[in-house]
Amino acid sequence: MADGGVIVDSALDFAGAVAGTAAPPEVLADLRLVTVRYHGFDNLLHEGQLVVHRALAAEIREIFSLLENRGFPIAGAVPIVRYGWSDEASMAANNSSAFNYRLVAGTDRLSLHAQGRAVDINPRRNPVLYPDGRVAPAGAVYRAGEPGVFADGDAALRAFVDRGWRWGGHFTHVLDRHHFEKEV
Ligand SMILES: [Zn+2]
C-alpha cells in the first residue's frame, strides 16, 4: 500500500490493535495507538504503528522522528496482534512493537510491555543474549555498527537513553539489545 510515497505497513484502529488481548480495561484505558514513520531496509519511507502507554506517546513520536532523520532503518512496526500476540513470531519477522500483555520470557512477572512501557526495535538485528548462550530470535547475529543495530554511544541509542529510557543491552543478566523501557 502506498500513500503519497509512503508505504503503509500498518493502518489498524485502536480496537483492532488490541483485539484479543488479555489486558484488563484499566490497562487498555492508558494505551494509545501511535503512528510512526521510518526508513525501511529498502530505503523507502514507511508508516507503521505502535501501541504504547499514553505517557510515552509523545516521546515515541519524537524518538522515531530522530531515528528517521538519522537514517536508522526499521524493518517494520506492526502491532503484535498481527502476530497472534506471539513475541516469538514478531521477533522472527524482525518486527518492532511495544504493547503486549505478557510475562517477561522465562519468568512469572508481567513485562513492562504489558503496560506499553517497553518497545522492541529490529529484534533480528538486535537479538537477546541469555546467560546460557541462547539467542532470541534463534539464529540472529548481533553486529554492532551495521544499519538498524544499537550499540553504546551511537545516536540511535542516545535518542532513547537521553530521554530516560533504559536499554536492555545495559541489563546485567539477560542482554536484551532490541528492548527499551521507561517506567512512568
Ligand atoms: Zn522487550
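Please refer to the structure placed before this passage.
Residues numbered from 1 in each chain as written. Predicted model: local features only at pLDDT ≥ 70, side-chain atom pairs only at ≥ 80, totals over all residues. Heavy atoms only, no water.

As for the coordination of the zinc ion
Part 1: Within the protein, the zinc ion binds to H113 (NE2), D120 (OD) and H179 (ND1); these donor distances fall in the range 2.0 to 2.1 Å.
Part 2: Here the donor residues for the zinc ion map to a single chain with the spacing H-x6-D-x58-H. A residue pair is termed long-range when its members are at least 10 positions apart, and D120 in strand 5 (residues 118-120) and H179 in strand 10 (residues 179-181) qualify at 59 residues.
Part 3: Taking relative accessible area as the criterion, D120 reaches 3% and is therefore assigned buried. (Donors = N, O, S within 2.8 Å, 3.2 Å for Na, K, Ca; no water. Helix = DSSP H or I, 4+ residues; strand = E, 2+ residues; numbered from the N terminus. Buried < 20%, exposed > 50% of the residue type's maximum accessible area, 1.4 Å probe, protein only.)

Focus: the environment of A105
Part 1: The residue A105 is located in the loop between helix 4 (87-92) and strand 5 in this model.
Part 2: Each C-alpha atom of the pair A105 and D87 lies 9.2 Å from the other, and the pair is 18 residues apart in sequence.

Focus: the pairing of strand 3 (residues 31-39)
Consecutive side chains along a regular strand alternate between the two faces of the sheet.
Part 1: Note: strand 3 against strand 4 (residues 45-53), nine bridges, orientation antiparallel. Of the residues in strand 4, the one forming a bridge with H39 is L45.
Part 2: Two successive antiparallel strands, strand 3 and strand 4, enclose a turn made up of five residues, where N43 displays a positive phi of approximately 70°. (Pairing = 2+ DSSP bridges.)

What to know about the sheet that holds strand 10
Part 1: Pairing is antiparallel across the open sheet formed by three strands, whose spatial order is 5-10-8. Edge positions in the sheet fall to strand 5 and strand 8 (166-167), since each has one partner strand and no second.
Part 2: Pairing between strand 8 and strand 10: two bridges, direction antiparallel. Among the inter-strand pairings, R166 is bridged to a residue of strand 10, identified as E181.

Quick look at helix 3 (residues 57-69)
Part 1: Its 13 residues place the ends of helix 3 19 Å apart at the C-alpha level, agreeing with the 18 Å of an ideal helix rising 1.5 Å per residue.
Part 2: Listed in full, the buried residues belonging to helix 3 are A57, E59, I60, I63, F64, L66 and L67.
Part 3: Those residues of helix 3 that are buried lie in contact with strand 3, strand 4, strand 5 and helix 5 (155-161).
Part 4: Once helix 3 ends, the next one or two residues include G71, with phi positive near 75°. (Expected span 1.5 Å × (residues − 1). Contact = heavy atoms within 4.5 Å.)

Things to note about the environment of P127
Part 1: Mapping P127 onto the fold places it in the loop between strand 5 and strand 6 (128-129).
Part 2: Residue P127 is classed as buried on the basis of its relative accessible area of 1%.
Part 3: Counting along the chain gives 33 residues from P127 to N94, while the straight-line C-alpha distance between them is 9.7 Å.
Part 4: Not counting residues up to four positions away in its chain, the partners in contact with P127 are V135, A136, P137, A140, V141, Y142, L175, R177 and H178.

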